[in-house]
Amino acid sequence: MSEVRGSSSWRDELASLVSDSGIRYAAADPIEVSTASFDAGFASREELEQSENFKDQIKGFAIAWGEILVDLARGCKDIVEQNVLTEDSYIVQKLRNPCAKASAKLRYLNEFLPEDRDPAHAWPVILLVFILALSVINVNTNHESLVRSVKKVQIHPPSASHVLLPDGRRLAYHEQGVPAKSTRFLLIAPHSFLSSRLAGIPGIKISLLVEFGIRLVAYDLPGFGESDPHPSRNLNSSALDMLYLANAIGVDDKFWVLGHSSGTMHAWASLRYIPDRVAGAAMVGPMINPYEPGMTKEEKKKTWEPWVLRRRLMYFLARRFPKFLSSFYRRSFLSGKHDRIDKWLSLSLGKKDEILIEDPKVEEHLQRDIEESIRQGSIKPFIEEAVLQVSRWGFSLADLQAQKQCQRRGFLAWLWNSEAECMLTGFLGQIHIWQGMDDMVVPPSVTDYIARVLPGSYVHKLPNEGHFSYLYFCDECHRQIFTTLFGSPQGPVVEKLDIDTTSLEGNSEEIATNA
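A short tour of the structure in this document, coming up. Numbering of residues starts from 1 in each chain and follows the order in which that chain's sequence is written. Residues qualify for local features only when their pLDDT is at least 70, as the model is predicted, and side-chain atom pairs are given and counted only at 80 or more; totals for whole chains, interfaces and linings, by contrast, use all residues. The basis for every side-chain value is the complete set of heavy atoms in the structure, and neither hydrogens nor water enter the calculation.

## Some words on the packing of helix α11 (residues 309-320) against helix α16 (residues 380-390)
Stated formally: Helix axes use the C-alpha atoms of the stretch in contact, all axes being lines fitted to C-alpha atoms, and the angles between their N-to-C directions lie in the range 0 to 180 degrees. Runs of H or I in DSSP of at least four residues are treated as helices and runs of E of at least two as strands, each being numbered from the N terminus. These descriptions rest on fixed angle ranges, namely under 35 degrees for roughly parallel, over 145 for roughly antiparallel, 65 to 115 for roughly perpendicular, and the rest for oblique. Contacts: residue pairs with any heavy atoms within 4.5 Å of one another. Under the scheme applied here, ten amino acids are nonpolar (Ala, Val, Leu, Ile, Met, Phe, Trp, Tyr, Cys and Pro), four are charged (Asp, Glu, Lys and Arg), and all others, including Gly, are polar.
α16 packs onto α11 with a crossing angle of 90 degrees between their chain directions and a minimal axis gap of 8 Å. The angle between the axes of α11 and α16 places the two elements in the roughly perpendicular class. Packed against α11, whose contacting residues are Tyr-315, Ala-318 and Arg-319, the element α16 presents Ala-386, Val-387, Gln-389 and Val-390 at the interface. Classifying every residue of the contact of α11 with α16 by side-chain character gives 5 nonpolar, 1 polar and 1 charged.

## Notes on unusual backbone geometry
Even without a glycine there, the phi angle at Ser-261 is positive, about 60 degrees. When you line up the elements, Ser-261 lands in the loop between β5 (255-260) and α9 (264-273).

## Overview of the state of the cysteines
Selection criterion: Pairs of cysteine sulfur atoms within 2.5 Å are identified as disulfides in what follows. Only protein chains enter the calculation, and the probe is 1.4 Å; a residue is then buried if its accessible area is under 20% of its type maximum, exposed if over 50%, and partly exposed in between.
All chains considered together, the criterion is met by 1 disulfide. Between the sulfur atoms of Cys-474 and its disulfide partner Cys-477 the distance amounts to 2.1 Å. Judged by the sign of its S-S torsion, about 55 degrees, the bond between Cys-474 and Cys-477 is right-handed. We note that Cys-474, like Cys-477, is buried.

## A short note on the side chain of Gln-389
You can see Gln-389 is positioned in helix α16. Relative accessible area serves as the criterion here: at 8%, Gln-389 is assigned to the buried category. When neighbours within four sequence positions are excluded, Gln-389 is seen to be in contact with Ser-262, Met-265, Met-287, Ile-288, Asn-289, Pro-290 and Tyr-315.

Below, the structure is given as structure tokens:
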């Protein structure tokens, strides 16, 4: 102990005080205390106290500020309740009657709430959930996008043929199959939304068109591809564009119309406004106005049920607030980057369609078709197309039904001849519809409605087929469609050579004279 006590260091003295328990040992060996370990323990204890004090200070500061903010909010609430929300305040007097009227009109919505829920508490929650749902819709939660390589949209050089319409617009078109002089059947195909003249019949083989003698002509709708926009287009102008195109390419006879998805909207218009020039129509997955007034509640329910929330919202915006569509379109297919078509158009796809669009050749075709569709970079034609689909078309599908219409010329004519003059109205040609039973883009309930209002149409139901699978890159399907429309293949029309009979007679006389 003498060595410890004899230390001149204050730390050694402090260590000796701490280690001295008052018990004296007789042993000669001194008890040594490591000053280094004591110093380390002392320093760590000081740092721990400082860190704990700093954390406590931060925590106390945050709690104090939180209490201040809570008291401030309560004070603001009391001020508003005492000065603004009183019955004598100016704001309450001005808003009382309008709020009461609005509440009375919307009171029927309370019937949809559970009986044990207070509307004053339920509707704010519903509104908050609705706002959150809209936010979630616009957020990309698909983690596959992080893995998939992003491909930028490319604008290709112009490649279309053009015709000049009577109003000065240029209409771009693309034709396949036999030449004009050898055409046995002319087939005109208006494209669907977010598509172009390059669609036509995706994956069609030229040899199959030649085998049936078909001239396939697909064109860009106004504002799409290389076609000039229309200042105020509707379905009537769409049918007239089809008529002017047929006349401009040298077709005076009747032609057939092929429509797929929303492109059938323009095919329906041709049957209504130019029925005398249309020989027949082929509809694959035909779309109608989802707000068609002739549909029953059950038919509407079955039509809307397979659609995702985002697609329903798109239809609602197109019908009520079409200007809001621009933000959706600019962030999707007008963003300059490629993505899956079902994501851009908010489509629900069946298993066969899911497999199909993953095929490299189908994906390449869709990307090239979309690039051509948006080449002008204008959002106006897409909004016009969406609005056309959900607006009143100017006719109903029931108007296309062939029926006998009789009218009398007058009273004297009725006395002279009691029989009234009758004529057939509507579309008199054939209407063939191919409907995939696993189609979730255009559910089979749509075709059931069409068959109900157009009992003369031919409906071909396709088990295990989706919206794209029967038309895209399916050689056997294409042959089945052509065989149904045109019968057995007869090949192109053989050009007849005009033989000059006068020259033949002259030659025969010369031969006789020489003989």
